[in-house]
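Here's the letter readout for the chains.
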Amino acid sequence: MSSGIESVLTETRVFGPFERVAATAHISGMDAYRALYDEADRDPEGFWARQARENLIWDKPFTTVLDESNKPFYRWFPDGELNVSANCLDRHLGTPVADKTAIIFEADDGEVTRITYRELHARVCQLANAIKSLGYQTGDRAIIYLPMSIEAVVAMQACARLGITHSVVFGGFSSKSLHERCVDVGATLVITADEQRRGGRAIPLKRAVDEALSQPGGEAVRHVIVYRRTGGAVDWNEGRDLWLHDVLEGQSNECAPVPVNAEHPLFILYTSGSTGKPKGVQHSSAGYLLMCLLTMKWTFDIKNDDIFWCTADVGWVTGHSYIVYGPLAAGATQIMFEGVPTYPTPARFWEMIQRHQCTIFYTAPTAIRSLIKAAESNEEHHPRKFDLTSLRIIGSVGEPINPEAWMWYFTNVGRERCPVLDTWWQTETGVHMITPLPGATPLKPGSCTLPLPGIDAAVVDESGREVEPGRGGFLVVKRPWPAMIRTIWGDPERFKKSYFPPEHNGYYLAGDGAQRDTDGYFWIMGRIDDVLNVSGHRLGTMEVESAMVAHPLVAEAAVVGRPDATTGEAVVAFVVLKRPLPQGDEANEIARELRDWVGREIGPIAKPREIRFGENLPKTRSGKIMRRLLRLVAQDQPITQDVSTLENPAILTQLSQSY
Ligand code: PRX
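Residues numbered from 1 in each chain as written. Predicted model: local features only at pLDDT ≥ 70, side-chain atom pairs only at ≥ 80, totals over all residues. Heavy atoms only, no water.

Draft legend 1. A look at the sheet that holds strand β17 (residues 333–337). Pairing is mixed across the open sheet formed by seven strands, whose spatial order is β5-β4-β17-β16-β18-β19-β20. Because the sheet does not close on itself, it has two edges, and the strands there are β5 (112–116) and β20 (420–423). Adjacent strand axes in the sheet meet at a mean angle of 20° when their direction is disregarded. Of the strand pairs in this sheet, strand β4 (residues 101–106) and β5 are connected by five bridges, and their pairing is antiparallel. Looking at the pairing, threonine 101 lines up with threonine 116 of β5. Contacting β4, β5 and β17, helix α7 (residues 150–162) crosses the sheet at an angle of about 135° to β4. (Pairing = 2+ DSSP bridges. Helix = DSSP H or I, 4+ residues; strand = E, 2+ residues; numbered from the N terminus. Axes fitted to C-alpha atoms, helices over the stretch in contact; angles between N-to-C directions. Contact = heavy atoms within 4.5 Å.)

Draft legend 2. The arrangement of the layout of surface pockets in detail. If you add up the space inside the second largest pocket, you get close to 440 Å³. Going through the elements one at a time, α16 (492–499) and β24 (508–516) are the ones with two or more residues in the lining of the second largest pocket. No other element matches α16, which puts four residues into the lining of the second largest pocket. Residue composition of the lining of the second largest pocket, grouped by class: seven nonpolar, seven polar and eight charged. (1 Å grid on protein atoms, 1.4 Å probe; cavity = no way out; pocket = protein on both sides within 12 Å on 5 of 7 lines; lining within 4 Å. Points joined across faces, edges and corners; volume = space filled by probe spheres on them. Nonpolar A, V, L, I, M, F, W, Y, C, P; charged D, E, K, R; others polar.)

Draft legend 3. Inspection of the site of the ligand at higher detail. In the region of the ligand, 16 residues are neighbours, and Asp422, Thr427, Asp512, Arg527 and Arg538 sit closest. Within the side chain of aspartate 422, one N or O atom sits 2.7 Å away from a nitrogen atom of the ligand. Interatomic distance of 2.7 Å between a side-chain N/O atom of arginine 538 and an oxygen atom of the ligand. Those elements giving two or more residues to the shell around the ligand turn out to be β20 and β25 (522–527). When its residues are assigned to classes, the shell around the ligand shows five nonpolar, six polar and five charged. (Near = heavy atom within 4 Å. Polar contact = N/O pair within 3.5 Å; in protein donor to acceptor, adjacent residues only side chain to side chain.)

Draft legend 4. Broad picture of the UniProt feature "domain: Acetyl-coenzyme A synthetase N-terminal" (unreviewed entry) in the chain. Sequence positions flagged by UniProt for "domain: Acetyl-coenzyme A synthetase N-terminal" (unreviewed entry) are, in local numbering, residues 33–88. Counted over residues 33–88, helix gives 48% and strand 11%. Its end C-alpha atoms are 26 Å apart. (UniProt positions renumbered as here; feature names shortened; annotations may be inferred.)

Draft legend 5. The packing of helix α5 (residues 84–93) against helix α12 (residues 317–329), seen in detail. Interaxial distance between α5 and α12 falls to 8 Å at its minimum, and their mutual angle equals 45°. The pairing of α5 with α12 is recorded here as oblique in orientation. The hand of the α5/α12 crossing is left-handed. Contact residues: α5 offers Val84, Asn87, Cys88, Arg91 and His92, while α12 offers Tyr325, Leu328 and Ala329. For the contact of α5 with α12, the per-class residue count stands at five nonpolar, two polar and one charged. (Parallel < 35°, antiparallel > 145°, perpendicular 65-115°, else oblique. Left-handed = near helix turned anticlockwise from the far one by under 90°.)

Draft legend 6. Quick look at the packing of aromatic side chains. By the definition in use, this model includes 39 aromatic pairs. The interplanar angle of 55° and the centroid separation of 5.9 Å between the aromatic rings of phenylalanine 495 and tyrosine 499 together place this pair among those described as tilted. Placement of the pair is phenylalanine 495 and tyrosine 499 together in helix α16, with a separation of four residues, close to one helical turn. Tyrosine 499 matches phenylalanine 495 in its accessibility class, with the two residues each being buried. Across from the ring centre of tryptophan 243, 4.4 Å away, lies the NZ or CZ of arginine 228, which sits over that ring. A cation sits over an aromatic face here: lysine 444 above tyrosine 521, 4.4 Å from the ring centre. (Phe/Tyr/Trp six-rings, centres within 6.5 Å; stacked < 30°, edge-to-face > 60°. Buried < 20%, exposed > 50% of the residue type's maximum accessible area, 1.4 Å probe, protein only. Lys NZ or Arg CZ within 6 Å of the ring centre and 35° of its normal.)

Draft legend 7. How the structure looks around the side chain of aspartate 241. Its place among the elements puts aspartate 241 in strand β12 (residues 241–243). Here the side chain of aspartate 241 touches lysine 206 through a polar contact of 2.8 Å, side chain to side chain. One polar contact links aspartate 241 to arginine 240, side chain to side chain, over a distance of 2.7 Å.

Draft legend 8. How the structure looks around the side chain of histidine 382. Note on placement: histidine 382 falls in the loop between α14 (365–377) and β19 (393–397). Classification of histidine 382 as buried rests on a relative accessible area of 1%.

Draft legend 9. Seen up close, unusual backbone geometry. A cis amide bond links glycine 16 with the next residue in sequence, proline 17, at an omega value of 5°. With respect to the helices and strands, the residue proline 17 is situated in the loop between α1 (2–9) and α2 (19–22). Omega for the bond connecting lysine 71 with proline 72 falls within 30 degrees of zero, at -5°, which places this linkage in the cis form. The topology assignment puts proline 72 in the loop between β1 (66–67) and β2 (75–76). Despite not being glycine, arginine 415 has its phi angle at roughly 50°, a positive value. By relative accessible area, arginine 415 is classed as partly exposed at 26%. Positioned with a positive phi, serine 535 is a non-glycine residue whose angle comes to about 50°. Along the chain, the position of serine 535 falls in the loop between β26 (531–534) and β27 (537–540).

In structure tokens form, the structure reads like this:
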């Protein structure tokens with residue numbers, strides 16, 4: 001982390017403003033930004049009430065803006081009612097947007113399917129009717145385990161239409177992770193596909209569902225609706241399993257949206273925390289959707305003729321907010337991509353931007369960094385070989401973007417004409433929090449710049465006091481905002497403890513370290529807890545450790561992150577086996593076995609990059625694993641601290657050998 005901090009703090013270049021974007025932007029110029037920020041700051045409730053009235057369609061208007069009676073369980077617009085799907089689809093039906101393309105779907109093999117808002121509305125209604133006819137209703141929970149597809153959008157929107165709370169599980173998670181989420185969320189319905197297609201390969205999904213539901217608690221799921229994506233063979237559980245095309249047959253393409261309370265849980269999305277068990281982040285309906293729509297306007301400056309493309313998977317919060325809810329509420333045309341950036345070649349993104357005339361492109365630093373490598377080693381894959389002049393705004397999300405990658409993105413993809421939006425936010429925040437505005441904010445490579453209007457972000461010390469510019473501290477948000485996490489599903493105590501610890505004055509604690517410069521710009525320094533960020537995916541070190549110690553050979557395991565030029569961080573696992581220390585081929589063999597094991601327990605993204613075996617782990621006298629030391633060992637850095645208190649200093653040499 002420290003080398004990253006130095007490199008960002010020596011960054012002094014400033015870019016922008018970008019007149020071409022500013023000329024027509026929703027928020028044009030810093031004065032406009034400051035005016036909006038000040039309005040929100042002076043009267044937060046008045047500000048959010050105005051936004052909620054102007055941007056959402058209410059079935060029952062709210063009279064209370066914010067209920068703070070049970071802090072930190074804030075409730076926004078608590079006596080209002082609306083339907084999220086109606087706010088994404090029905091609102092466009094009587095307007096010219098109805099016949100506009102909502103989604104340009106490009107499959108892994110390049111096949112393109114387009115769907116208009118009117119058609120999407122009809123599809124959502126049909127599925128909602130089908131789900132209703134199976135006996136599901138408002139308040140039920142559905143697990144969605146689908147590939148990137150129009151069907152995934154339809155499934156999420158159909159749930160929203162009926163007030164069924166969805167929990168999307170990323171297709172890369174194992175059957176075990178799927179099972180845990182099914183049980184924790186109390187799902188009675190699962191929507192999945194036979195297989196998903198990525199990078200020319202078919203990967204089974206239905207099989208993982210079958211495995212998950214055969215475990216204790218799985219019998220609570222009454223139906224599994226299966227989208228036939230590849231036609232691959234699947235096992236069939238009569239009475240429980242239903243083909244999507246069968247349940248849709250004969251369903252009407254009209255289905256009245258069910259008005260729900262503003263606070264009704266739209267979705268629960270699992271993310272890693274600092275303990276072994278992933279947390280079910282619960283989001284609201286109205287406050288969440290309001291800010292999805294507002295950030296489409298503020299951050300992405302969305303316009304009627306834009307072609308928007310967020311490359312995230314719908315299994316992550318980015319896909320929820322900036323594929324399924326934000327762009328549709330805004331009536332935008334968006335690209336949705338089934339595949340991976342490197343198939344059939346690492347020029348796929350650039351080809352697609354050119355082919356579909358993409359104007360706003362939003363991706364992750366890890367993708368940028370891997371495409372830099374590919375482009376620099378083969379001219380054919382370089383973005384300069386493609387016509388990217390349609391682009392006007394490019395964005396980044398999920399992890400810090402180092403100034404070098406920022407500059408490459410700005411120069412080669414944005415051709416120095418497009419602002420780079422480094423958007424800082426989290427599963428818990430629901431939407432962007434700290435980000436440049438394309439028509440206003442001067443950019444500094446490596447900084448996510450300034451908070452959005454209504455977002456009172458700060459950097460504080462251990463006792464909750466704001467620190468001076470240039471000093472590092474904890475990133476907090478001092479006031480509640482409409483799209484914030486409402487609770488951790490089934491665990492309100494953990495919600496309070498994780499995000500609102502008493503020493504932080506009731507501020508929302510993000511879990512990131514940060515500092516501000518003298519212009520007030522924020523520089524994110526990475527997680528301050530036991531959460532790693534690998535290729536933009538959040539992973540709890542304890543989560544990986546518990547998976548490892550579940551293996552019969554493993555006595556003890558400690559997992560740390562090591563900075564990595566492509567993936568941001570890489571997982572390094574230190575392992576004590578229940579057998580003598582392995583060497584050479586045998587160690588390689590066991591390391592492979594353990595990696596596959598973690599892949600099966602959590603998912604391939606959690607597989608340790610390196611495994612290091614030792615006879616024990618470095619511990620303090622009180623028996624705590626010295627993770628700081630392990631982080632140095634993982635980076636092959638010299639150990640300068642006193643290690644004389646270690647039981648067996650020789651293990652540091654053992655642990656330097658990686659497999
Ligand atoms: O550490 C921060 C990092 O990603 C974490 C949130 O991860 P997740 O909930 O999976 O959401 C990712 C998509 C919003 C944060 O705590 N992070 C996210 N965006 C940035 C970032 N770190 C630095 N700069 C960013 N722009």
